[in-house]
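Tertiary structure, described
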Amino acid sequence: MSIQTADTAPRVHLRTVTFAHPHAVELNDRVQREYAQRYGDDGDVTFLDPSMFEPPRGLYLIAYDETGTPLATGGWRAMDENGEGYENGDAELKRMYVTPEARGLGLARRILAELETDAKAANRVRMVLETGTKQPEAIALYTSSGYTPAPAKFGYYRFHDESLCYAKAL
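The paragraphs below set out a description of the structure included in this document.

Here's the deal with helix α2 (residues 107–121)
Counted at 1.5 Å a residue, the expected span for α2 with its 15 residues is 21 Å, and the 21 Å between its end C-alpha atoms agrees. Of the residues making up α2, those classed as buried are L107, A108, I111, L112, L115, E116 and A119. Looking straight down α2, one finds its buried side chains confined to an arc of 160°; they lie on one side. Set apart from the buried face of α2 by more than 90 degrees, the exposed residues are T117, K120 and A121. Count one or two residues on from α2 and you reach N123, which has phi positive near 65°.

Considerations on the sheet that holds strand β1 (residues 12–16)
A sheet is described by the order of its strands in space; here seven strands give the open sequence β1-β2-β3-β4-β5-β7-β6, paired in mixed fashion. Lying at the two open borders of the sheet, with one neighbouring strand each, are β1 and β6 (148–149). Alignment of strand β4 (residues 90–98) against strand β5 (residues 126–132), held across three bridges, turns out to be parallel. Looking across to β5, one finds that D90 is bridged to R126. Running over the sheet, α2 touches β1, β2 (58–65), β3 (70–79), β4, β5 and β7 (163–169) and is turned about 25° from β3. Its contacts with the sheet place helix α3 (residues 136–144) against β4, β5 and β7, and it is angled at close to 160° to β5.

A look at the pairing of β2
For β2, a buried count of eight out of eight residues is recorded, marking the element as mostly surrounded by other parts of the structure. Burial along β2 is two-sided: G58, Y60, I62 and Y64 and L59, L61, A63 and D65, pointing in opposite directions, are all buried. Pairing of β1 with β2 involves five bridges; the strand directions are antiparallel. Looking at the pairing, V12 lines up with D65 of β2. By the bridge criterion, seven bridges tie β2 to β3 in an arrangement that is antiparallel. Residue G58 lies in a different strand from β3, and its bridge partner there is R77. The antiparallel hairpin formed by β2 and β3 contains four residues in its connecting segment, where G68 sits at a positive phi of about 90°.

Notes on unusual backbone geometry
A cis amide bond links P55 with the next residue in sequence, P56, at an omega value of 5°. Mapped onto the fold, P56 is located in the loop between α1 (22–39) and β2. The residue N123 is not glycine, and still its phi comes out positive at about 65°. Following the sequence through the fold, N123 ends up in the loop between α2 and β5. In this structure N123 comes out as exposed when scored by relative accessible area, which is 63%.

What counts, and at which threshold
- Residues numbered from 1 in each chain as written.
- Predicted model: local features only at pLDDT ≥ 70, side-chain atom pairs only at ≥ 80, totals over all residues.
- Heavy atoms only, no water.
- Helix = DSSP H or I, 4+ residues; strand = E, 2+ residues; numbered from the N terminus.
- Expected span 1.5 Å × (residues − 1).
- Buried < 20%, exposed > 50% of the residue type's maximum accessible area, 1.4 Å probe, protein only.
- Arc of directions from axis to C-beta.
- Pairing = 2+ DSSP bridges.
- Contact = heavy atoms within 4.5 Å.
- Axes fitted to C-alpha atoms, helices over the stretch in contact; angles between N-to-C directions.

And the structure:
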């Protein structure tokens, strides 16, 4: 697939899937390889169970083009106060990813907006996320979407120097 202008961009639709769906697994494998390349490690080792993304305590989306090719993904899971720094009412973004060939089409922003709307409808009060210093595209997306540095770090990587945590009130 080649990158196209807005006038000729493919029609894309979002579909709710399970985190165990074959396309979710495929895109997760791709993002893990990208994390490993950027950080020189094994990728994100945060434990994620597919049930964490089941409504009403979560949602997992894939963006597909008109031929059924999966282009982007993202999900949220409910988190509450625990030993990893989350607060009651948190919704955590996980596995936001756009394939290299589909970058620049606005898919991440579209998925992000849908996830925020769904989390708010599920009575979550704050969307949180953890990203890394070697992901400038992600940082730009989140800060331009109203996310600010979280007052305290949370999640599996909360003690890592390359970890950045952001939050946004829903």
